[in-house]
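Commentary on secondary and tertiary structure
For reference, the chains in residue letters:
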Amino acid sequence: MKRTVAPWTAPPRCTIRVPGDKSIAHRRVLFAAVADGPCTVKGLPDGADVRASVGLVAALGVSVESVAGGIRLSPPSVLRSPAGLVQCGNSGTTMRIGAALAAHVEGPLSLDGDESLRRRPMGRVLEPLARFGIGHDGARVPLRLTGPARHRAVVDLALPSAQLRSAVWLAGLRVGVELNSPPGARDHTERLLLDAGADLDLEGLRGVLRPSCLAPWAMKVPRDPSSACFWWVAAAITPGAVVHTPDVSLNPFRTGALDVLRSMGAHVEVADGQGLGREPMGHVTVTGPGALVGAHVDGTLALRCLDEIPALAIAMAFAGSPSELRDLAELRVKESDRLAALEELLSGAGIEVEARLDGMSIFGGGPRRAVEIDAGHDHRIAMAAAVLGGGGRGAVVGGAESVASSYPTFWRHLSRWSAAPR
Ligand code: S3P
């Protein structure tokens, strides 16, 4: 489906309540399958990705009921082995963390995905799961795993990936695990485990989880900074525009985009809100300055804004000086090759870019023409193209329906933003 985005003409001022945080929601749903009793999760994003995680635990025998503002997940005493393939759709997090539920299943667990997920690398999660004695058949989606976890494991991860760390903790929950991992990736799972009373010691890059039970939780998921970032950028590229995004996750591993936007000259105000267990939450207001300057993103900052790069690249396209993105090779294996997609999007709008294997230089100066792109299965590329077109010279966005993975109300919010009181 194609959407045409017209440039917004005067600086909007708007409050936008984005959906609940996808990363936190996946974890609170998937780990509920192995909690000690019923868990209630409210404020779940209505996107297809988290629905895939709910579908996975339901297929394992977790009973899922609607309650006001959310769902109640009641795990059975033993998870069952589902008869056929369980669909993870477009959701890499459902598949990579969900694969570790095989540790708690007596027998096979087979997971499938859409065309985009079938192309993504899975050996990175199968290999650590094999350390627990979890079998697999081939390294491509559909994955065929055989549980349960047979013994404690020591796992050294080469990639700083939160999905992989989460999978290892989930696999080791009953049998124990020692995990060594490079630093930098989001720590929602570690916070969940500690909030739920797991016997976990974290010492810098090393963690030891002894066989544990998880006390059930009742929580409201904070809103998603990766979704809010599109509005932060929309405000930052529009002098005088203001956006207020209440109740977003302020987990320090998720706030890199705010640091980047500040370094570019955007006015960013953060007010602390009521946190949820160990997960901090707050309210973010971004005001567009007269002009933006370029930014450098690499190292741990790159990990702290990995999912926000499509949005930040748009801010960089409007900057008056060049920007450098480095250490971002992982973007080549997301829902699409995001570096290639951004190169096509920005150069289509007449912005000079120079792509490398692990990043790109964006020379800025603002779009020179309207752009047309097919975002395919990549929700964040579709939303980035919309912000580029709205703040610049217009856009036609193919694959517009892909926003349903994380942010089904995006197009409605964009109409509100474009028509907001000036
Ligand atoms: C996620 C971790 C990141 C991120 C993804 C969500 C998570 O992936 O890009 O969108 O919820 O754990 P990696 O763990 O592969 O870096």
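Starting from 1, residues in each chain are numbered consecutively following that chain's sequence as written. Side-chain atom pairs in this predicted model are given and counted only at pLDDT of 80 or more, local residue features only at pLDDT of at least 70, and totals for whole chains, interfaces and linings cover all residues. As a rule here, side-chain values cover all heavy atoms of the structure and leave hydrogens and water aside.

1. Let's talk about the overall build of the protein chain
Along its length, the protein chain carries 14 helices and 23 strands. For 422 residues, the compact-globule estimate of 2.2 N^0.38 gives 22 Å, and the protein chain sits close to it at 21 Å. Expressed along its principal axes, the backbone C-alpha trace of the protein chain runs to roughly 60 × 40 × 40 Å. Each residue is placed in one exposure class: buried if its accessible area under a 1.4 Å probe, protein chains only, is under 20% of its type's maximum, exposed if it is over 50%, and partly exposed if it falls in between. Counting the 422 residues in the protein chain, one finds 60% classified as buried. Note on contacts: a residue pair qualifies if any of its non-hydrogen atoms lie within 4.5 Å across the two residues. Residue pairs in contact within the protein chain that sit at least 24 positions apart in sequence constitute 72% of those at least 6 positions apart. Here the accessible surface of atoms and residues is derived via Shrake-Rupley with a 1.4 Å probe, and residues count as covered only by protein chains that are part of the display. When the accessible surface of the protein chain is summed, it comes to about 14,900 Å², and 52% of that surface belongs to carbon and sulfur atoms. For this count, His and the chain ends are skipped, Lys and Arg are scored as positive, and Asp and Glu as negative. Charge positions are represented by NZ for Lys, CZ for Arg, CG for Asp and CD for Glu. Averaging the locations of the 45 positively and 42 negatively charged side chains of the protein chain gives two centres separated by 4 Å. Per the convention used, a helix needs a DSSP run of H or I reaching at least four residues, while a strand needs a run of E reaching at least two, with both numbered from the N terminus. C-alpha atoms define the radius of gyration in this analysis, and the globule rule sets the expected value at 2.2 Å times the number of residues to the power 0.38.

2. As for the packing of helix 1 (residues 22-30) against helix 2 (residues 48-59)
Orientation is described by lines fitted to C-alpha atoms, with helices fitted over the stretch in contact, and by angles between N-to-C directions that extend from 0 to 180 degrees. Between helix 1 and helix 2, the least distance of the axes is 9 Å, while the angle of their chain directions is 5°. Regarding the angle of helix 1 to helix 2, the classification is roughly parallel. Residues Lys22, Ala25, His26, Val29 and Leu30 of helix 1 lie in contact with helix 2, whose contacting residues are Asp49, Val50, Ser53, Val54, Leu56 and Val57. Residues are sorted three ways: Asp, Glu, Lys and Arg are charged, Ala, Val, Leu, Ile, Met, Phe, Trp, Tyr, Cys and Pro are nonpolar, and all the rest, Gly among them, are polar. In the contact of helix 1 with helix 2, the residues fall into seven nonpolar, two polar and two charged. For classification purposes, angles smaller than 35 degrees are called roughly parallel, those larger than 145 roughly antiparallel, those between 65 and 115 roughly perpendicular, and all remaining angles oblique.

3. Topic: the sheet that holds strand 23 (residues 395-398)
Read across the sheet, three strands follow the order 1-23-22 without closing on themselves; strand pairing throughout is mixed. At either end of the open sheet lies a strand with only one pairing partner, and these are strand 1 (3-5) and strand 22 (371-374). Looking at each pair of strands side by side, their axes are set apart by 15° on average, direction ignored. Pairing geometry for strand 22 and strand 23, over four bridges, is parallel. Bridge pairing in strand 23 places Glu372 opposite Val396. Following DSSP output, two strands are said to pair if at least two bridges run between them.

4. What about the pairing of strand 15 (residues 242-249)?
Looking along a regular strand, one sees side chains alternate from face to face of the sheet. With six of eight residues buried, strand 15 is to be regarded as a mostly interior element. Strand direction decides the pairing type here: strand 2 (residues 13-15) and strand 15, joined by three bridges, are parallel. Bridge pairing in strand 15 places Cys14 opposite Val243. Inspection of the sheet shows strand 15 paired to strand 17 (residues 281-287) by six bridges, in the antiparallel sense. By the bridge assignment, Val242 is partnered in strand 17 with Thr287.

5. As for the site of the ligand
Neighbouring residues of the ligand: Ser23, Arg27, Thr93, Arg96, Ser161, Ala162, Gln163, Arg186, Leu306, Asp307 and Lys334. A 3.5 Å cut-off defines polar contacts: any pair of N or O atoms within that distance qualifies, except that in protein one atom must be a possible hydrogen donor and the other a possible acceptor, and neighbouring residues in sequence count only when both atoms are side-chain atoms. In the model, an oxygen atom of the ligand is placed 2.5 Å from a nitrogen or oxygen of the Arg27 side chain. Relative to its free-state accessible area of 380 Å², the ligand is covered by the protein chains to the extent of 93%. Where the shell around the ligand is concerned, the elements lending two or more residues are helix 1, helix 3 (92-98) and helix 6 (162-172). Near residues are defined by distance, with any heavy atom within 4 Å of the molecule or strand qualifying the residue.

6. Observations regarding the domain arrangement of the protein chain
Where each domain starts and ends comes from a domain assignment, either automatic or drawn from a database. For the protein chain, the domain assignment lists domain 1 (2-19 + 223-419) and domain 2 (22-209). Taking the mean C-alpha position of each, domain 1 and domain 2 sit 29 Å from one another. Taken together, the contact between domain 1 and domain 2 spans 26 residues of the former and 26 residues of the latter. Here the quantity called buried area is the accessible surface, traced with a 1.4 Å probe, that two parts lose on coming together, added over both. Summed over both partners, the interface of domain 1 with domain 2 comes to about 2,300 Å²; 48% of that surface belongs to carbon and sulfur atoms. Three residues stand out in domain 1 for area buried against domain 2, namely Phe253, Arg278 and His377, and they jointly supply 26% of the buried area on that side. Salt bridge criterion: a side-chain nitrogen from Lys or Arg within 4 Å of a carboxyl oxygen from Asp or Glu. Between domain 1 and domain 2 we count four salt bridges in total. At the boundary of domain 1 with domain 2, the tally comes to 15 residue pairs in polar contact (both at pLDDT 80 or more). Its residues placed into classes, the side of domain 1 that touches domain 2 shows nine nonpolar, seven polar and 10 charged.

7. Some points on the packing of aromatic side chains
Ring pairs are drawn from Phe, Tyr and Trp, using the six-membered ring of Trp, whenever the two centres fall within 6.5 Å, and their geometry is named by plane angle: stacked under 30 degrees, edge-to-face over 60, tilted for the rest. Overall, the coordinates contain six aromatic pairs when judged by the stated rule. Note on Trp8 and Trp417: the rings are 5.8 Å apart at their centroids and 90° apart in plane angle, and the pair reads as edge-to-face. With Trp8 in the loop between strand 1 and strand 2 and Trp417 in helix 14 (residues 410-418), this residue pair connects regions lying 409 residues apart in the sequence. Here the aromatic residues Trp8, Phe230, Trp231, Tyr407, Phe410, Trp411 and Trp417 are joined through ring pairs into a cluster of three or more. Its guanidinium or amino end placed over the ring of Trp217, Arg28 lies 5.3 Å from that ring's centre, counting from NZ or CZ. The criterion for a charge sitting over a ring is simple: Lys NZ or Arg CZ within 6 Å of the ring centre, and within 35 degrees of the ring normal.

8. Digging into a negative patch on the surface
What goes into a patch is any residue over 30% in relative accessible area without a salt bridge, connected to like charges within 9 Å or, for nonpolar side chains (Val, Leu, Ile, Met, Phe, Trp, Tyr), within 5 Å. A contiguous patch of negative charge on the surface is contributed by Glu343, Glu344, Asp374 and Glu401. Checked against the element boundaries, Glu344 lands in helix 12 (residues 338-348).

9. Quick notes on helix 7 (residues 188-195)
Burial of helix 7 is extensive: six of the eight residues sit out of reach of the surface. Within the span of helix 7, buried status applies to His188, Thr189, Glu190, Arg191, Leu192 and Leu193. Residues of helix 7 that are buried in the fold lie against helix 1, helix 6, strand 12 (200-203) and strand 15. Gly197 sits one or two residues past helix 7 and shows a positive phi near 80°.

10. Points about the sheet that holds strand 18 (residues 296-297)
Taken in spatial order, the four strands of this open sheet run 18-19-21-20, and their pairing is mixed. In this open sheet, the two edge strands, each paired with only one partner strand, are strand 18 and strand 20 (353-356). Here strand 18 pairs with strand 19 (residues 323-325) via two bridges, running parallel. Opposite Val297, over in strand 19, you have Leu325 as the bridge partner.

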